[in-house]
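Here is what each chain is made of, one letter per residue.
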Amino acid sequence: QVQLVESGGGLVQAGGSLGLSCVASGRTFSNYAMGWFRQAPGKEREFVVAINWSGGSTAYSDSVKGRFTISRDNAKNTVYLQMNSLKPEDSAVYYCAAKPSQLWRVPHGPLEYDYWGQGTQVTVSS
């Protein structure tokens, strides 16, 4: 079992930046691929970005490519999401997710992930 706790959400103006963190506990963090997903009201949960177990491989959705950056620190059991040039359409609850994997491939789909955090709200005002 892995427990995930996100932090760092909040309210920011369009064009601003926010950084999210997700701390994992319960298992060896470096055995897991980590992903960030988001869900806006009335919409399905969507893939944002993910990183493989070592940090050597990442994948971004087209909507955030060039603006968001994912990273991880296996010594601190933490994955980070730096969000720059935020837009109102980035507003959503952001979820951290974990999948046991030591493959190079980065999982994209929400059904591929086994563990989820409780989510943190990000609101971007226009």
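Just above, that's the structure.
Residues numbered from 1 in each chain as written. Predicted model: local features only at pLDDT ≥ 70, side-chain atom pairs only at ≥ 80, totals over all residues. Heavy atoms only, no water.

(A) Region of interest: the state of the cysteines. In the structure shown here, the tally under the stated rule is one disulfide. Across a sulfur-sulfur distance of 2.1 Å, Cys22 and Cys96 are joined as a disulfide pair. Since a negative S-S torsion denotes a left-handed disulfide, the Cys22-Cys96 link at about -75° is left-handed. In this pair, Cys22 sits in strand β3 (residues 18–25) while Cys96 sits in strand β9 (residues 92–100), placing the two residues 74 residues apart along the sequence. Classification of Cys22 as buried rests on a relative accessible area of 0%. Here Cys96 falls in the buried class, since its relative accessible area comes to 0%. (Disulfide = S-S within 2.5 Å. Helix = DSSP H or I, 4+ residues; strand = E, 2+ residues; numbered from the N terminus. Buried < 20%, exposed > 50% of the residue type's maximum accessible area, 1.4 Å probe, protein only.)

(B) Up close: the side chain of Glu6. Counting through the fold element by element, Glu6 comes out in strand β1 (residues 3–7). There is no salt bridge for the buried Glu6, and the closest opposite charge comes from Arg45, which lies 7.6 Å off by N-O distance. In this structure the side chain of Glu6 is engaged in a polar contact, spanning 2.8 Å, whose partner is the backbone nitrogen of Cys96. Only 2.9 Å separates the side chain of Glu6 from the backbone nitrogen of Gly119, close enough to count as a polar contact. Excluding its chain neighbours within four sequence positions, the residues that come into contact with Glu6 are Ser21, Cys22, Trp36, Tyr94, Tyr95, Cys96, Gly117, Gln118, Gly119 and Thr120. (Lys, Arg positive; Asp, Glu negative; His and termini not counted. Salt bridge = Lys/Arg side-chain N within 4 Å of Asp/Glu carboxyl O. Polar contact = N/O pair within 3.5 Å; in protein donor to acceptor, adjacent residues only side chain to side chain. Contact = heavy atoms within 4.5 Å.)

(C) Quick peek at the packing of aromatic side chains. Tallying each qualifying case throughout the model produces six aromatic pairs. With 6.5 Å between their ring centres and 80° between their planes, Tyr95 and Trp116 make a pair best called edge-to-face. Here Tyr95 is found in strand β9, whereas its partner Trp116 is found in strand β10 (residues 115–116), with 21 residues between them in sequence. Aromatic ring contacts, followed pair by pair, group Phe37, Phe47, Tyr95, Tyr113 and Trp116 into a single cluster. (Phe/Tyr/Trp six-rings, centres within 6.5 Å; stacked < 30°, edge-to-face > 60°.)

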